[in-house]
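The primary structure of each chain is shown beneath.
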Protein chains: 2
Amino acid sequence: MGLAKTEMFTEGQNKISLFAKVFGHPARVAILQHLFKMNACVCGDLVNEIGLAQPTISQHLKELKSLGLIKGNVEGTSVCYCIDKKNWTAMKTIMMEFLDQDVSQDMDCC
Amino acid sequence: MGLAKTEMFTEGQNKISLFAKVFGHPARVAILQHLFKMNACVCGDLVNEIGLAQPTISQHLKELKSLGLIKGNVEGTSVCYCIDKKNWTAMKTIMMEFLDQDVSQDMDCC
DNA sequence: ATTATTAATCGTAATATTGCAATGTAACAA
DNA sequence: TTGTTACATTGCAATATTACGATTAATAAT
(Lines give C-alpha, C1' and ligand atoms only; values in the text may rest on other atoms or scores of the structure.)
Protein backbone atom coordinates (compact mmCIF):
# COMPACT_ATOMS: atom_id res chain seq x y z
CA MET A 1 0.00 0.00 0.00
CA GLY A 2 2.50 2.62 1.05
CA LEU A 3 -0.45 4.82 1.88
CA ALA A 4 -0.94 6.10 5.40
CA LYS A 5 -4.50 5.97 6.68
CA THR A 6 -4.52 9.58 7.81
CA GLU A 7 -8.26 9.68 8.38
CA MET A 8 -7.99 7.53 11.46
CA PHE A 9 -5.64 9.88 13.27
CA THR A 10 -6.05 13.26 14.87
CA GLU A 11 -5.15 16.45 13.07
CA GLY A 12 -2.31 16.91 15.52
CA GLN A 13 -0.88 13.48 14.88
CA ASN A 14 -1.02 14.00 11.14
CA LYS A 15 0.62 17.40 11.43
CA ILE A 16 3.48 16.05 13.50
CA SER A 17 4.05 13.20 11.07
CA LEU A 18 4.04 15.53 8.07
CA PHE A 19 6.67 17.77 9.59
CA ALA A 20 8.69 14.77 10.70
CA LYS A 21 8.48 13.22 7.27
CA VAL A 22 10.08 16.23 5.64
CA PHE A 23 12.97 15.97 8.10
CA GLY A 24 13.20 12.28 7.34
CA HIS A 25 15.76 12.71 4.61
CA PRO A 26 19.35 13.80 5.32
CA ALA A 27 19.47 16.03 2.25
CA ARG A 28 16.61 18.13 3.56
CA VAL A 29 18.22 18.29 6.98
CA ALA A 30 21.44 19.43 5.32
CA ILE A 31 19.63 22.04 3.24
CA LEU A 32 17.94 23.50 6.31
CA GLN A 33 21.13 23.52 8.34
CA HIS A 34 22.92 25.30 5.52
CA LEU A 35 20.19 27.90 5.22
CA PHE A 36 20.43 28.52 8.94
CA LYS A 37 24.21 28.72 8.85
CA MET A 38 24.29 31.19 5.96
CA ASN A 39 21.76 33.20 7.89
CA ALA A 40 20.96 35.31 4.87
CA CYS A 41 19.69 33.56 1.78
CA VAL A 42 21.40 31.00 -0.37
CA CYS A 43 20.61 29.72 -3.81
CA GLY A 44 22.12 27.08 -6.06
CA ASP A 45 25.17 26.89 -3.84
CA LEU A 46 23.12 24.18 -2.24
CA VAL A 47 23.79 22.01 -5.25
CA ASN A 48 27.53 22.42 -4.72
CA GLU A 49 27.36 22.27 -0.96
CA ILE A 50 25.35 19.08 -0.96
CA GLY A 51 26.50 16.51 -3.49
CA LEU A 52 23.24 15.77 -5.25
CA ALA A 53 22.17 16.63 -8.79
CA GLN A 54 20.37 19.89 -9.41
CA PRO A 55 16.96 18.36 -10.12
CA THR A 56 17.20 16.38 -6.92
CA ILE A 57 17.97 19.44 -4.81
CA SER A 58 15.21 21.31 -6.58
CA GLN A 59 12.76 18.60 -5.65
CA HIS A 60 13.78 18.64 -1.99
CA LEU A 61 13.48 22.42 -1.93
CA LYS A 62 10.00 22.11 -3.34
CA GLU A 63 8.93 19.84 -0.51
CA LEU A 64 10.33 22.15 2.12
CA LYS A 65 8.61 25.07 0.45
CA SER A 66 5.27 23.33 0.14
CA LEU A 67 5.29 22.80 3.90
CA GLY A 68 6.05 26.48 4.32
CA LEU A 69 9.37 26.00 6.09
CA ILE A 70 11.36 27.92 3.48
CA LYS A 71 10.66 30.79 1.12
CA GLY A 72 12.09 31.36 -2.32
CA ASN A 73 12.80 34.66 -3.96
CA VAL A 74 13.66 35.08 -7.63
CA GLU A 75 16.70 37.30 -8.18
CA GLY A 76 17.56 37.53 -11.81
CA THR A 77 18.31 34.06 -13.06
CA SER A 78 18.86 32.63 -9.64
CA VAL A 79 16.51 31.89 -6.79
CA CYS A 80 17.30 32.75 -3.24
CA TYR A 81 15.96 30.58 -0.47
CA CYS A 82 15.67 31.21 3.20
CA ILE A 83 13.97 29.86 6.29
CA ASP A 84 10.43 31.08 6.81
CA LYS A 85 10.99 32.05 10.40
CA LYS A 86 7.37 32.46 11.36
CA ASN A 87 6.38 29.05 10.08
CA TRP A 88 9.53 27.47 11.43
CA THR A 89 8.70 28.73 14.90
CA ALA A 90 5.15 27.44 14.64
CA MET A 91 6.43 24.05 13.55
CA LYS A 92 8.97 24.06 16.34
CA THR A 93 6.25 24.59 18.92
CA ILE A 94 4.30 21.62 17.66
CA MET A 95 7.30 19.31 17.44
CA MET A 96 8.73 20.33 20.79
CA GLU A 97 5.44 19.64 22.50
CA PHE A 98 5.49 16.17 21.05
CA LEU A 99 9.10 15.51 21.96
CA ASP A 100 8.83 17.00 25.41
CA GLN A 101 6.19 14.72 26.84
CA ASP A 102 6.76 13.97 30.47
CA VAL A 103 9.37 11.31 30.89
CA SER A 104 10.03 11.87 34.57
CA GLN A 105 7.70 9.21 35.98
CA ASP A 106 9.47 6.23 37.38
CA MET A 107 6.82 3.77 36.36
CA ASP A 108 8.55 1.47 33.96
CA CYS A 109 7.50 -1.96 32.81
CA CYS A 110 10.63 -3.30 31.25
CA MET B 1 15.65 4.91 -6.57
CA GLY B 2 14.01 5.41 -3.19
CA LEU B 3 17.43 5.07 -1.63
CA ALA B 4 18.91 7.95 0.33
CA LYS B 5 22.61 8.56 -0.28
CA THR B 6 23.51 8.58 3.37
CA GLU B 7 27.24 8.39 2.74
CA MET B 8 27.32 11.98 1.56
CA PHE B 9 25.90 13.40 4.77
CA THR B 10 27.26 13.83 8.26
CA GLU B 11 26.52 11.36 11.01
CA GLY B 12 24.46 14.00 12.73
CA GLN B 13 22.35 14.68 9.67
CA ASN B 14 21.69 10.99 9.17
CA LYS B 15 20.79 10.54 12.81
CA ILE B 16 18.30 13.38 12.74
CA SER B 17 16.69 12.05 9.59
CA LEU B 18 16.41 8.54 11.01
CA PHE B 19 14.64 9.78 14.11
CA ALA B 20 12.44 12.06 12.04
CA LYS B 21 11.57 9.25 9.67
CA VAL B 22 10.19 7.11 12.45
CA PHE B 23 7.95 10.00 13.50
CA GLY B 24 6.90 10.42 9.89
CA HIS B 25 3.89 8.17 10.22
CA PRO B 26 0.82 9.13 12.24
CA ALA B 27 0.38 5.60 13.59
CA ARG B 28 3.79 5.71 15.22
CA VAL B 29 3.08 9.16 16.62
CA ALA B 30 -0.19 7.82 18.02
CA ILE B 31 1.52 4.77 19.53
CA LEU B 32 4.10 6.93 21.28
CA GLN B 33 1.51 9.38 22.56
CA HIS B 34 -0.53 6.51 23.93
CA LEU B 35 2.47 4.99 25.65
CA PHE B 36 3.19 8.35 27.24
CA LYS B 37 -0.40 8.84 28.29
CA MET B 38 -0.72 5.42 29.86
CA ASN B 39 2.56 6.12 31.60
CA ALA B 40 2.92 2.51 32.61
CA CYS B 41 3.00 -0.08 29.90
CA VAL B 42 0.46 -1.03 27.34
CA CYS B 43 0.25 -3.99 25.05
CA GLY B 44 -2.20 -5.07 22.39
CA ASP B 45 -4.58 -2.36 23.51
CA LEU B 46 -2.71 -0.39 20.91
CA VAL B 47 -4.42 -2.46 18.26
CA ASN B 48 -7.81 -1.44 19.65
CA GLU B 49 -6.80 2.11 20.45
CA ILE B 50 -5.44 2.74 16.99
CA GLY B 51 -7.58 1.30 14.22
CA LEU B 52 -4.98 -0.70 12.30
CA ALA B 53 -4.62 -4.45 11.98
CA GLN B 54 -2.48 -6.34 14.45
CA PRO B 55 0.37 -7.14 12.03
CA THR B 56 0.53 -3.48 11.04
CA ILE B 57 0.82 -2.29 14.63
CA SER B 58 3.38 -4.98 15.30
CA GLN B 59 5.44 -3.73 12.41
CA HIS B 60 5.31 -0.13 13.62
CA LEU B 61 6.29 -1.26 17.11
CA LYS B 62 9.25 -3.08 15.65
CA GLU B 63 10.52 0.08 13.99
CA LEU B 64 10.18 2.08 17.18
CA LYS B 65 11.96 -0.66 19.07
CA SER B 66 14.78 -1.00 16.59
CA LEU B 67 15.53 2.69 17.05
CA GLY B 68 15.53 2.12 20.79
CA LEU B 69 12.68 4.48 21.57
CA ILE B 70 10.52 1.81 23.18
CA LYS B 71 11.11 -1.38 25.08
CA GLY B 72 9.03 -4.54 25.05
CA ASN B 73 8.55 -6.97 27.87
CA VAL B 74 6.92 -10.38 27.52
CA GLU B 75 4.24 -11.00 30.15
CA GLY B 76 2.58 -14.31 29.62
CA THR B 77 1.00 -14.33 26.21
CA SER B 78 1.06 -10.59 25.84
CA VAL B 79 3.87 -8.11 25.38
CA CYS B 80 4.08 -4.92 27.32
CA TYR B 81 5.64 -1.90 25.70
CA CYS B 82 6.88 1.31 27.20
CA ILE B 83 8.98 4.31 26.32
CA ASP B 84 12.71 3.82 26.77
CA LYS B 85 13.19 7.00 28.71
CA LYS B 86 16.93 7.17 28.53
CA ASN B 87 17.00 6.82 24.77
CA TRP B 88 14.02 9.11 24.35
CA THR B 89 15.82 11.84 26.24
CA ALA B 90 18.94 11.37 24.13
CA MET B 91 16.88 11.57 20.96
CA LYS B 92 15.10 14.64 22.28
CA THR B 93 18.37 16.44 22.81
CA ILE B 94 19.45 15.79 19.24
CA MET B 95 16.14 16.79 17.71
CA MET B 96 15.71 19.89 19.84
CA GLU B 97 19.15 21.12 18.87
CA PHE B 98 18.15 20.80 15.25
CA LEU B 99 14.79 22.48 15.70
CA ASP B 100 16.10 25.22 17.90
CA GLN B 101 18.56 26.78 15.53
CA ASP B 102 18.71 30.50 15.87
CA VAL B 103 15.86 32.14 14.07
CA SER B 104 16.09 35.52 15.72
CA GLN B 105 18.19 37.27 13.07
CA ASP B 106 16.32 39.81 11.04
CA MET B 107 18.23 39.10 7.87
CA ASP B 108 15.63 37.84 5.50
CA CYS B 109 15.80 37.62 1.75
CA CYS B 110 12.20 37.03 0.81
C1' DA C 1 -3.22 -33.01 25.34
C1' DT C 2 -6.23 -29.65 23.37
C1' DT C 3 -7.66 -25.35 22.69
C1' DA C 4 -7.57 -20.33 23.11
C1' DT C 5 -5.03 -16.03 23.25
C1' DT C 6 -1.50 -12.90 21.95
C1' DA C 7 1.77 -11.21 19.15
C1' DA C 8 5.57 -11.91 15.66
C1' DT C 9 6.70 -13.12 10.96
C1' DC C 10 5.99 -14.11 6.00
C1' DG C 11 4.33 -12.98 1.65
C1' DT C 12 2.43 -9.83 -1.29
C1' DA C 13 -0.22 -5.91 -3.41
C1' DA C 14 -0.58 -1.01 -3.68
C1' DT C 15 1.58 3.16 -3.33
C1' DA C 16 5.39 6.51 -2.18
C1' DT C 17 10.07 8.16 -2.39
C1' DT C 18 14.52 9.06 -4.27
C1' DG C 19 17.60 10.29 -7.88
C1' DC C 20 18.79 11.78 -12.29
C1' DA C 21 18.95 12.53 -17.53
C1' DA C 22 16.55 15.15 -20.59
C1' DT C 23 14.01 18.96 -21.45
C1' DG C 24 11.64 23.35 -20.60
C1' DT C 25 11.61 28.22 -19.04
C1' DA C 26 12.96 32.69 -17.75
C1' DA C 27 16.20 36.34 -17.19
C1' DC C 28 20.43 38.20 -18.44
C1' DA C 29 24.66 39.14 -21.61
C1' DA C 30 26.94 39.95 -25.86
C1' DT D 1 19.20 37.68 -31.95
C1' DT D 2 21.91 34.12 -29.98
C1' DG D 3 23.85 32.29 -26.33
C1' DT D 4 24.35 31.47 -21.46
C1' DT D 5 23.21 30.73 -16.79
C1' DA D 6 20.15 29.17 -13.11
C1' DC D 7 16.26 26.60 -11.94
C1' DA D 8 12.03 24.01 -12.52
C1' DT D 9 9.53 20.09 -14.59
C1' DT D 10 8.89 15.73 -16.76
C1' DG D 11 9.51 10.97 -17.15
C1' DC D 12 11.25 6.98 -15.55
C1' DA D 13 13.94 3.25 -13.06
C1' DA D 14 15.16 1.49 -8.56
C1' DT D 15 13.94 0.98 -4.06
C1' DA D 16 11.19 1.75 0.26
C1' DT D 17 6.96 1.93 2.85
C1' DT D 18 2.42 0.71 4.30
C1' DA D 19 -1.18 -2.48 5.16
C1' DC D 20 -3.05 -6.86 5.87
C1' DG D 21 -4.31 -11.99 5.28
C1' DA D 22 -2.33 -16.17 6.44
C1' DT D 23 0.62 -18.50 9.22
C1' DT D 24 3.63 -19.48 13.02
C1' DA D 25 5.35 -19.48 17.87
C1' DA D 26 4.78 -19.21 22.58
C1' DT D 27 2.30 -19.26 26.63
C1' DA D 28 -1.98 -19.98 29.33
C1' DA D 29 -6.27 -22.19 30.51
C1' DT D 30 -9.22 -26.21 30.59
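From a predicted model like this one, the values you see are computed outputs, not experimental measurements.

Procedures and definitions
- Residues numbered from 1 in each chain as written.
- Chains lettered and ligands numbered in written order.
- Predicted model: local features only at pLDDT ≥ 70, side-chain atom pairs only at ≥ 80, totals over all residues.
- Heavy atoms only, no water.
- Helix = DSSP H or I, 4+ residues; strand = E, 2+ residues; numbered from the N terminus.
- Expected span 1.5 Å × (residues − 1).
- Buried < 20%, exposed > 50% of the residue type's maximum accessible area, 1.4 Å probe, protein only.
- Contact = heavy atoms within 4.5 Å.
- Near = heavy atom within 4 Å.
- Polar contact = N/O pair within 3.5 Å; in protein donor to acceptor, adjacent residues only side chain to side chain.
- Nonpolar A, V, L, I, M, F, W, Y, C, P; charged D, E, K, R; others polar.
- Least-squares fit on C-alpha atoms with pLDDT ≥ 70 in both.
- Salt bridge = Lys/Arg side-chain N within 4 Å of Asp/Glu carboxyl O.
- Phe/Tyr/Trp six-rings, centres within 6.5 Å; stacked < 30°, edge-to-face > 60°.

Quick look at helix α1 (residues 11-22) of chain B
Working step 1: In this model, α1 of chain B (twelve residues) spans 17 Å end to end at C-alpha, consistent with the 16 Å of a helix rising 1.5 Å per residue.
Working step 2: Among all positions of α1 of chain B, only Gln13, Asn14, Ile16, Ser17, Phe19, Ala20 and Val22 of chain B are buried.
Working step 3: Next to the buried residues of α1 of chain B lie α1 (11-22) and α2 (26-38) of chain A together with α2 (26-38), α4 (54-66) and α5 (85-99) of chain B.

Concerning the protein's contact with DNA strand D
Working step 1: Lining the immediate surroundings of DNA strand D are 29 residues, of which Met1, Lys5, Gln54 and Tyr81 of chain A together with Met1 of chain B lie closest.
Working step 2: Counting only the atoms of DNA strand D that lie within 4 Å of the protein, the sugar and phosphate share comes to 61%.
Working step 3: The separation between a phosphate oxygen of DNA strand D and a polar side-chain atom of arginine 28 of chain B is 3.1 Å.
Working step 4: In the environment of DNA strand D, a phosphate oxygen lies 3.1 Å from a nitrogen or oxygen atom belonging to the backbone of alanine 53 of chain B.
Working step 5: For the surface near DNA strand D, the elements supplying multiple residues, two or more each, are α4 (54-66) and β2 (78-83) of chain A together with α4 of chain B.
Working step 6: The leading source of residues in the surface near DNA strand D is α4 of chain B, at five residues.
Working step 7: The residue inventory of the surface near DNA strand D, partitioned by class, reads twelve nonpolar, 13 polar and four charged.

Description of the protein's contact with DNA strand C
Working step 1: Met1 of chain A together with Met1, Lys5, Gln54 and Tyr81 of chain B are the nearest of the 30 residues found near DNA strand C.
Working step 2: Counted by atom, the contact set of DNA strand C within 4 Å of the protein is 59% sugar and phosphate.
Working step 3: The separation between a phosphate oxygen of DNA strand C and a polar main-chain atom of alanine 53 of chain A is 3.1 Å.
Working step 4: Between DNA strand C and the protein, one listed contact pairs a phosphate oxygen with a side-chain N or O atom of threonine 56 of chain A at 3.3 Å.
Working step 5: Along the lines of polarity and charge, the residues of the surface near DNA strand C split into twelve nonpolar, 13 polar and five charged.

Structural notes on the relation of the copies chain B and chain A
Working step 1: With an RMSD of 0.0 Å, chain B superimposes on chain A once it is rotated by 180 degrees and translated 0.0 Å along the axis. Here the symmetry operator amounts to a two-fold rotation axis. Among all residues of chain B, the minimum C-alpha distance to the rotation axis is found for alanine 20 of chain B, at 2.4 Å.
Working step 2: Taken as a fraction of all interface residues of chain B, those also at the interface in chain A reach 100%, which identifies the copy contact as same-surface.

Some remarks on the pattern of salt bridges
Working step 1: Applying the stated criterion to the full structure yields four salt bridges over all chains.
Working step 2: Residue aspartate 100 of chain A pairs with lysine 92 of chain B through a salt bridge whose shortest N-O separation is 2.8 Å. Taken together, the residues aspartate 100 of chain A in the segment after α5 (85-99) and lysine 92 of chain B in helix α5 connect one chain to another.
Working step 3: In this structure, the salt-bridge partner of glutamate 63 of chain B is arginine 28 of chain B, at a minimum N-O distance of 3.3 Å. Of this pair, glutamate 63 of chain B sits in helix α4 while arginine 28 of chain B sits in helix α2; the two residues are 35 residues apart in sequence, bridging distant segments of the chain.

Things to note about the packing of aromatic side chains
Working step 1: Counted by the stated rule, this structure contains eight aromatic pairs over all chains.
Working step 2: Seen from their ring centres, phenylalanine 98 of chain A and phenylalanine 23 of chain B are 5.2 Å apart, and the 85 degrees between their planes marks the pair as edge-to-face. Of this pair, phenylalanine 98 of chain A sits in helix α5 while phenylalanine 23 of chain B sits in the loop between α1 and α2, placing the two residues on different chains.
Working step 3: What makes phenylalanine 98 of chain A buried here is its relative accessible area of 2%.
Working step 4: When the centroid spacing of 6.0 Å and the interplanar angle of 75 degrees are considered together, the rings of phenylalanine 98 of chain A and tryptophan 88 of chain B count as edge-to-face. With phenylalanine 98 of chain A in helix α5 and tryptophan 88 of chain B in helix α5, this residue pair bridges two chains.
Working step 5: Classification of tryptophan 88 of chain B by relative accessible area gives buried; the value is 0%.
Working step 6: Taken together, the ring pairs connect Phe23, Phe36 and Trp88 of chain A together with Phe98 of chain B into an aromatic cluster.

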